[in-house]
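What the coordinates show
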Amino acid sequence: MDKSALISKLSLKNGFMLAAVSVVLSLTLHFIDPVLVYTSFLAQVGIFVLFIALLVVVGINIRKEIGGFWTFGEAFKAFLIISLILALTATLYNVILMKFIDPDLPAKAAAAIEDAQRAMMEKFGMAKEQVDEAMAKAGNMQEKLEPTFKNIFTSFGVSLALYGVLSLILSAILKKKEPVRLDSFPKEA
């Protein structure tokens, strides 16, 4: 099997594995507190850091399995395949969660987000009128969370863009050139 096909195969395998971890983690957090990931900055950062660590581990493992060396392009291809799987899985999971598992979640999450934003603004000393004005400018949070076609498409696009940037960064960090050896130089005739 050539290197490119092996990278694709390993990326697909690891992408689906990370997607399964993502769904299990999300469901676990949902059953602990349905609005936790919408209101807790610490939970959001924790999940982000965990997935960066998992992507690094997966990237290093793929690199080892293909011989220990890969170019930026090969690394980017691997991370892009994994990113596409993660973005698709996250989008499908959110639709299933908000349409079938917990159809009341957009309303509950919107109320929790608005309460958290209101409390934060009041903590910073904003007057009630300023808080109300800022909340009005923010718009209806529940409409933004409802799984409509526009919101699903936007969510997928944003996820893919963020994962794409993360793929570029991780590819630049994890690329590894094969060292040049004396016996690899062309010989004179």
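Reading the values: rules and limits
- Residues numbered from 1 in each chain as written.
- Predicted model: local features only at pLDDT ≥ 70, side-chain atom pairs only at ≥ 80, totals over all residues.
- Heavy atoms only, no water.
- Helix = DSSP H or I, 4+ residues; strand = E, 2+ residues; numbered from the N terminus.
- Expected span 1.5 Å × (residues − 1).
- Buried < 20%, exposed > 50% of the residue type's maximum accessible area, 1.4 Å probe, protein only.
- Arc of directions from axis to C-beta.
- Contact = heavy atoms within 4.5 Å.
- Axes fitted to C-alpha atoms, helices over the stretch in contact; angles between N-to-C directions.
- Parallel < 35°, antiparallel > 145°, perpendicular 65-115°, else oblique.
- Left-handed = near helix turned anticlockwise from the far one by under 90°.
- Nonpolar A, V, L, I, M, F, W, Y, C, P; charged D, E, K, R; others polar.
- Phe/Tyr/Trp six-rings, centres within 6.5 Å; stacked < 30°, edge-to-face > 60°.
- UniProt positions renumbered as here; feature names shortened; annotations may be inferred.
- Salt bridge = Lys/Arg side-chain N within 4 Å of Asp/Glu carboxyl O.
- Core = buried A, V, L, I, M, F, W, Y, C linked by side-chain atoms within 4.5 Å.

Let us look at helix H5 (residues 105-123). A rise of 1.5 Å per residue sets the reference length of H5, with its 19 residues, at 27 Å; its end C-alpha atoms lie 26 Å apart and thus fit the reference within 8%. Of all the residues in H5, the buried ones are Leu105, Pro106, Ala109, Ala110, Ala112, Ile113 and Met121. Each buried residue of H5 lies within a common arc of 170° when the element is viewed along its axis, so the set occupies one face. Exposed and oriented more than 90 degrees from the buried face of H5 are Asp115 and Lys123. As for H5, its buried residues are in contact with helix H1 (3-32), helix H2 (36-39), helix H4 (72-101), helix H6 (128-138) and helix H7 (141-145). Positive phi appears at glycine 125, one or two residues downstream of H5, with a value of about 90°.

Moving on: the packing of H1 against H4. One can describe the packing of H1 onto H4 by two numbers: an axis separation of 8 Å at closest approach and a directional angle of 30°. Considering their axes alone, H1 and H4 lie roughly parallel with respect to each other. When you trace H1 past H4, the crossing you get is right-handed. Looking at the contact of H1 with H4, its residues break down into 15 nonpolar, 8 polar and 3 charged.

What follows deals with the packing of aromatic side chains. Applying the stated criterion across every chain, the model contains 3 aromatic pairs. Centre to centre, the rings of phenylalanine 72 and phenylalanine 76 are 6.2 Å apart; their planes meet at 5°, and the pair counts as stacked. Of this pair, phenylalanine 72 and phenylalanine 76 both sit in helix H4, 4 residues apart, which is roughly one turn of the helix. By relative accessible area, phenylalanine 72 is classed as partly exposed at 33%. Taking 6.1 Å as the distance between ring centres and 15° as the angle between the ring planes, the aromatic pair formed by phenylalanine 149 and phenylalanine 153 counts as stacked. A residue pair is termed a helical-turn pair when its members lie 3 or 4 positions apart in one helix, as phenylalanine 149 and phenylalanine 153 do in helix H8 (residues 149-174) at 4 residues.

On to the UniProt feature "transmembrane region" (unreviewed entry) in the protein chain. Here the UniProt-annotated "transmembrane region" (unreviewed entry) positions come out as residues 12-32, 38-63, 75-96 and 152-174. Taken end to end, residues 75-96 is 100% helix and 0% strand, and its first and last C-alpha atoms sit 32 Å apart. Spanning residues 152-174, this segment combines 100% helix with 0% strand, and its end C-alpha atoms are found 32 Å apart.

A word on the side chain of serine 167. Here serine 167 is to be found in helix H8. Residue serine 167 is classed as buried on the basis of its relative accessible area, which comes to 2%.

Once that is clear, we can look at the side chain of serine 8. Checked against the element boundaries, serine 8 lands in helix H1. Once residues lying within four places of it in the same chain are set aside, the contact partners of serine 8 are Lys77 and Ile81.

One pass over the structure, following the stated rule, counts 5 salt bridges. The partner of aspartate 102 in a salt bridge is lysine 108, with the nearest N and O atoms 3.2 Å apart. With a closest N to O distance of 2.9 Å, arginine 118 and aspartate 132 form a salt bridge. Linking arginine 118 in helix H5 with aspartate 132 in helix H6, this pair joins segments that are 14 residues apart in sequence. A residue is classified by how much of its surface remains accessible, and arginine 118, at 28% relative accessible area, is partly exposed. Residue class for aspartate 132 comes out partly exposed when judged on its relative accessible area of 33%.

Before going further, it helps to examine the nonpolar core. By size, the foremost hydrophobic cluster in this structure holds 20 residues, and its most contacted members are Leu18, Leu55, Ile62, Trp70, Phe79, Ile82 and Leu86. Residue assignment for this core shows that the elements contributing at least two residues are H1, helix H3 (41-65), H4 and H8. It is H4 that contributes the most residues to this core, 7 residues altogether. The contacts of isoleucine 82, once residues within four sequence positions are left out, are Ser11, Asn14, Gly15, Leu18, Leu55, Val58 and Ile62.

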